[in-house]
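# Summary of the model geometry
Listed below, chain by chain, are the residues.
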Number of protein chains: 2
Amino acid sequence: MVTILDVARLAGVSKATVSRALNGKVFVREEVKARIMQAIAETGYRPNQLARNLANNKTNSVGLVITNGLYNGPFFSSMIYHAATNSELHSRQLVLADGKHSAQEERDAIDLLLSLRCEAIMIYPKYLSVDELDEIIERNPTPIVVINRELTRHRSQCVFVDHQQSCETMMDYLLSQGHTRIAFVAGSDASPTGERRLAGYRKALRNAGIEPDPQLLVRGSWSTDSGYEAGRELLARNVPFTCVLAGNDDMAIGVAKACYEAGLRLPQDVSLAGFDDSVIGKYYNPSLTTIHVPMEEMIRNAIERVLLPEAATICAHRGELVCRESVIAHKTAR
Amino acid sequence: MVTILDVARLAGVSKATVSRALNGKVFVREEVKARIMQAIAETGYRPNQLARNLANNKTNSVGLVITNGLYNGPFFSSMIYHAATNSELHSRQLVLADGKHSAQEERDAIDLLLSLRCEAIMIYPKYLSVDELDEIIERNPTPIVVINRELTRHRSQCVFVDHQQSCETMMDYLLSQGHTRIAFVAGSDASPTGERRLAGYRKALRNAGIEPDPQLLVRGSWSTDSGYEAGRELLARNVPFTCVLAGNDDMAIGVAKACYEAGLRLPQDVSLAGFDDSVIGKYYNPSLTTIHVPMEEMIRNAIERVLLPEAATICAHRGELVCRESVIAHKTAR
């Protein structure tokens, strides 16, 4: 392995001079600096960042923890994208670590990033509870921000969307279009996001004087495949409905496939809506009515919260109704 | 910040004993170990992984470099997913770093991961040339594998798909269905993947005795939005075609939207095909004919190449034709 000594020899200077040129704290003549840079290029020397981070106690990087079970979809790819580009805007490098399949592994991923001396950490938790997250924030001097959970003790260290309110907004719209038999494809039952949306579905129905029919509730697990299976299950029950609301756009697309296979036309025979405002919903035929989740603003806000806490604004974001072709007013019951 | 001394005090042992218990190299009584673990839990002490990595010269992690311009789509989210789950299968943690917008920044991201003592590095390059990649491999003792480029000097350090051959396979199928006026929506012109697919399109046409019509070629930049714009541009030229082949599924979905807006039905009026076999293509209506890119096998192979070089197999993967509803035999010209 090439060492700083090899660079010093080739440049004809001392090790200390190379070191001074690299850490930039002490004046080194331009001509000498140029020779050192040339020698670094020729030898392929790589300053030991690990040792430097240890010395400086920082890395100019921002860590993000997400469990790999969530990577595989447009929603999270969009989140990782915004996290990377917004880190870059703040002259930081995004480093993503995998939270895997348990609260302990989410802790391990946070610890890995902390031990790599990331300047700040963002976590989109799947397994850690609000209490555990609050505790992690208390124990660590490094700024940590939690995405998509409403913390109780450290409310300034989280950014989230009010999923229940968003779902009520969507339901009020569907009800206003004359739909009363609205089926709901819920997300995984362990997911707070899914449960809040389900609560919003039930609350909006009850507000409209309609008792939720358990026959109209099916469970998916966020993927398009699971939405397709949920759609088939719903159709097999043979109960009347005029509209399906899916817990996210991916599942809505799966439901659409199940409807087509059963000979139903969208939106003439069944209206359909989702959540997330994913790219595909905009391009789907018919284009998908959905709730826009302000992912980019949320991530920008999360990064500002940890890097520029004085500049950060609100922590609660609101979803916004996006009306497209897949929902029409109800005329005849199916 | 909690130090090892705090742990030692609380556990009633010496600093050296805590250190011995943590690095596991010397025998420490179970009862003492339990007391130390308890003290670690109570104090929230985190062993300095950075210092440890420096001492052990390893981190049990695998680095992946992809530029953030590529994160935002189902193809790359699927790649990151398979990279994480396959790293986990090998008891490693995936660490993703951002290659940003230039060859220099791709180098910087590789350097960051190397300096964090990742055990192995995978790179899906966008800007670095084959020569530069070969050189990086030569200079670094850490195993590096390049995804989606055919290296010339270090052929055992790359995994790739033969994109030209895959495109010829698709074109031969479209031609066999009676299509002769086939439009092509190419990817970004700086992309080797895009250029290989375009070369396959032209070669297959010429093999069939058809001179490629420049009026049937439009450029996109891989996103669904760009496919939509390319589709509109193609339709505005008002030249006859019976089939559109898009450089990936995302762009194909955009083309479909442009066709619907122009009052064309798929596949009755226009056949449509893409590449990648993305989830959405399977669920789109009509479902999309495409080339399956064996992403999971490719990533598994890439990880084996760097972690278990003796177990690794082929480096060239083949795309596979997936026939679905969006392509039908040509009957009448548009």
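Conventions we followed
- Residues numbered from 1 in each chain as written.
- Chains lettered and ligands numbered in written order.
- Predicted model: local features only at pLDDT ≥ 70, side-chain atom pairs only at ≥ 80, totals over all residues.
- Heavy atoms only, no water.
- Least-squares fit on C-alpha atoms with pLDDT ≥ 70 in both.
- Contact = heavy atoms within 4.5 Å.
- Salt bridge = Lys/Arg side-chain N within 4 Å of Asp/Glu carboxyl O.
- Polar contact = N/O pair within 3.5 Å; in protein donor to acceptor, adjacent residues only side chain to side chain.
- Helix = DSSP H or I, 4+ residues; strand = E, 2+ residues; numbered from the N terminus.
- Buried < 20%, exposed > 50% of the residue type's maximum accessible area, 1.4 Å probe, protein only.
- Axes fitted to C-alpha atoms, helices over the stretch in contact; angles between N-to-C directions.
- Parallel < 35°, antiparallel > 145°, perpendicular 65-115°, else oblique.
- Left-handed = near helix turned anticlockwise from the far one by under 90°.
- Nonpolar A, V, L, I, M, F, W, Y, C, P; charged D, E, K, R; others polar.
- Pairing = 2+ DSSP bridges.
- Right-handed = clockwise from strand over helix to strand, strands pointing away.
- Domains from an automatic or database assignment.
- Buried area = accessible area lost by both parts, 1.4 Å probe.
- Disulfide = S-S within 2.5 Å.
- Core = buried A, V, L, I, M, F, W, Y, C linked by side-chain atoms within 4.5 Å.
- pLDDT = per-residue confidence, 0-100.
- Expected span 1.5 Å × (residues − 1).

In the nomenclature of an unreviewed UniProt entry, chain A corresponds to Transcriptional regulator from the organism Kosakonia pseudosacchari.

Between the two copies of the chain lies a relationship made up of a rotation around an axis and a movement along it. Here chain A sits on chain B after a turn of 180° about the axis and a move of 0.0 Å along it, with an RMSD of 0.1 Å. Given the turn and translation reported, the copies of this chain are related as if by a two-fold rotation axis. Of the interface residues in chain A, 100% have counterparts in chain B that sit at the interface too, so the contact is made through matching surfaces.

On to the interface of chain A and chain B, then. With 56 residues of chain A at the interface, the matching set in chain B holds 56 residues. The residue B:Lys282 makes a salt bridge to A:Asp225 at a minimum N-O spacing of 3.3 Å. Our count for the chain A to chain B interface comes out at 11 residue pairs in polar contact (both at pLDDT 80 or more). Those elements giving two or more residues to the side of chain A that touches chain B turn out to be helix H3 (30-43), helix H4 (49-56), helix H5 (74-89), strand E2 (93-98), helix H6 (103-115), helix H10 (224-237), helix H11 (249-261) and helix H12 (279-283) of chain A.

Our next topic: the environment of B:Ala273. Residues and elements named next belong to chain B. Within the fold, Ala273 resides in strand E9 (residues 271-273). Judged by relative accessible area, Ala273 falls into the buried class, the value being 0%. In sequence terms Ala273 and Cys243 are 30 residues apart; their C-alpha atoms lie 8.0 Å from each other. If near-sequence neighbours (up to four positions away) are discounted, Ala273 is found in contact with Met170, Leu174, Val244, Leu245, Ala246, Ala252, Leu288, Thr289 and Val327.

Turning our attention to the environment of A:Asp172. Residues and elements named next belong to chain A. Considering the arrangement of structural elements, one finds Asp172 in helix H8 (residues 163-176). Among the residues examined, Asp172 registers a relative accessible area of 45% and is labelled partly exposed. Here the alpha-carbon distance between Asp172 and Tyr201, two residues 29 residues apart in the chain, equals 9.3 Å.

Between two packed helices, what matters for the description is the angle formed by their axes and the separation of those axes. Residue and element names in this part refer to chain A. It is at 6 Å that the axes of H10 and H11 come closest, and there the two elements cross at 45°. The pairing of H10 with H11 is recorded here as oblique in orientation. For the pair H10 and H11, the sense of crossing is right-handed. Across from Thr224, Ser226, Gly227, Tyr228, Gly231, Arg232 and Leu235 in H10, the residues of H11 making contact are Asp250, Met251, Ile253, Gly254, Val255, Lys257, Ala258, Cys259 and Glu261. Class assignment of the residues belonging to the contact of H10 with H11 gives a composition of 7 nonpolar, 5 polar and 4 charged.

The strands that make up a sheet are held in pairs by hydrogen bonds between backbone atoms, and each pair lies either parallel or antiparallel. All names here are of chain B. Taken together, 4 strands build an open sheet; the order of strands is E7-E6-E8-E9 and the sheet is parallel. At either margin of the open sheet sits one strand with a lone partner, and together these are strand E7 (217-219) and E9. Shown here is a sheet whose adjacent strand axes are inclined to one another by a mean of 15°, direction ignored. Note: strand E6 (residues 182-186) against E7, 3 bridges, orientation parallel. Bridging across to E7, Ala186 finds its partner in Arg219. Sheet strands touched by helix H8 (residues 163-176): E6, strand E8 (243-246) and E9. Its angle to E8, the strand with the most contacts, is close to 170°.

Residues and elements named next belong to chain A. For strand E1 (residues 61-66), the buried fraction is high: 6 of the 6 residues fall into the buried class. Residues Ser61, Gly63 and Val65 line one face of E1 and the alternating positions Val62, Leu64 and Ile66 line the opposite face, and both faces are buried. The sheet contact formed by E1 and E2 spans 6 bridges and is parallel. Paired with Leu64 across the strands is Leu96, a residue of E2. Crossover connection from E1 via H5 to parallel E2: handedness right-handed. Sheet topology note: the E1/strand E3 (residues 120-123) ladder contains 4 bridges and is parallel. Note that in E3 the partner of Val62 across the bridge is Ala120.

Our next topic: unusual backbone geometry. Residues and elements named next belong to chain A. Between Leu266 and the following residue, Pro267, the backbone shows a cis peptide bond with an omega angle of 0°. Locating Pro267 in the fold gives a position in the loop between H11 and strand E9 (271-273). Positive phi is not limited to glycine here, since Trp222 has a value of about 80°. Relative to the assigned elements, Trp222 resides in the loop between strand E7 (217-219) and H10. Take Trp222: its relative accessible area is 18%, and that puts it in the buried class.

In this section: the domain arrangement of chain A. For an interface, size is often stated in terms of accessible area lost upon the parts coming together. Residues and elements named next belong to chain A. For chain A, the assigned domains read domain 1 (4-47), domain 2 (61-161) and domain 3 (163-294). For domain 2 and domain 3, the distance between their C-alpha centres works out to 29 Å. Between domain 2 and domain 3, a total of about 690 Å² is buried, with carbon and sulfur atoms accounting for 57% of that surface. Of all residues in domain 2, Pro74, Phe75 and Val161 bury the most surface against domain 3, accounting for 65% of the area lost on that side. Counting across the domain 2 and domain 3 interface gives 0 salt bridges. At the junction of domain 2 with domain 3, the criterion picks out 3 residue pairs in polar contact (both at pLDDT 80 or more).

A word on the state of the cysteines. Within the structure shown, the criterion is met by 0 disulfides over all chains. In this structure B:Cys118 is not part of a disulfide, and its nearest cysteine sulfur, from A:Cys118, lies 12 Å away. Its sulfur unpaired, B:Cys259 is 10 Å from the next cysteine sulfur, which belongs to B:Cys243.

Here the focus is the side chain of A:Asn86. Residue and element names in this part refer to chain A. As for its placement among the helices and strands, Asn86 is situated in helix H5. Assessed through its relative accessible area of 3%, Asn86 is described here as buried. Residues within four places of Asn86 in sequence aside, it is in contact with Glu296, Ile299, Arg300 and Ile303.

Formed by 96 residues in total, the largest nonpolar core has its most connected members in A:Leu245, B:Leu174 and B:Leu245. Residues in contact with A:Leu245, not counting those within four places in the same chain, are A:Cys167, A:Met170, A:Met171, A:Leu174, A:Ile182, A:Ala183, A:Phe184, A:Val185, A:Ala273, A:Gly274 and A:Phe275. A:Val159, B:Ile66, B:Ile80 and B:Ala84 belong to the second largest nonpolar core, which has 56 residues in total.

Residue-level pLDDT values for chain A average 89, and 92% of them are 70 or greater. Scored as a complex, the prediction yields pTM 0.80 and ipTM 0.77.

The next point concerns the sheet that holds E3(A). Read across the open sheet, the 12 strands follow the order E11(A)-E5(A)-E4(A)-E3(A)-E1(A)-E2(A)-E2(B)-E1(B)-E3(B)-E4(B)-E5(B)-E11(B); overall the sheet is mixed. Each edge of the sheet is formed by a strand with only one pairing partner; in this case those strands are strand E11 (316-317) of chain A together with strand E11 (316-317) of chain B.

What follows concerns helix H13 (residues 295-307) of chain B. Residue and element names in this part refer to chain B. With 13 residues, H13 should reach 18 Å at 1.5 Å per residue; the first-to-last C-alpha distance of 18 Å fits that figure. The buried fraction of H13 is high, at 10 of 13 residues. Among the residues of H13, Met295, Met298, Ile299, Asn301, Ala302, Ile303, Glu304, Arg305, Val306 and Leu307 are the ones counted as buried. Turning to H13, the residues buried within the fold contact strand E1 (61-66), helix H5 (74-89), strand E3 (120-123), strand E4 (144-147), strand E5 (158-161) and E11.

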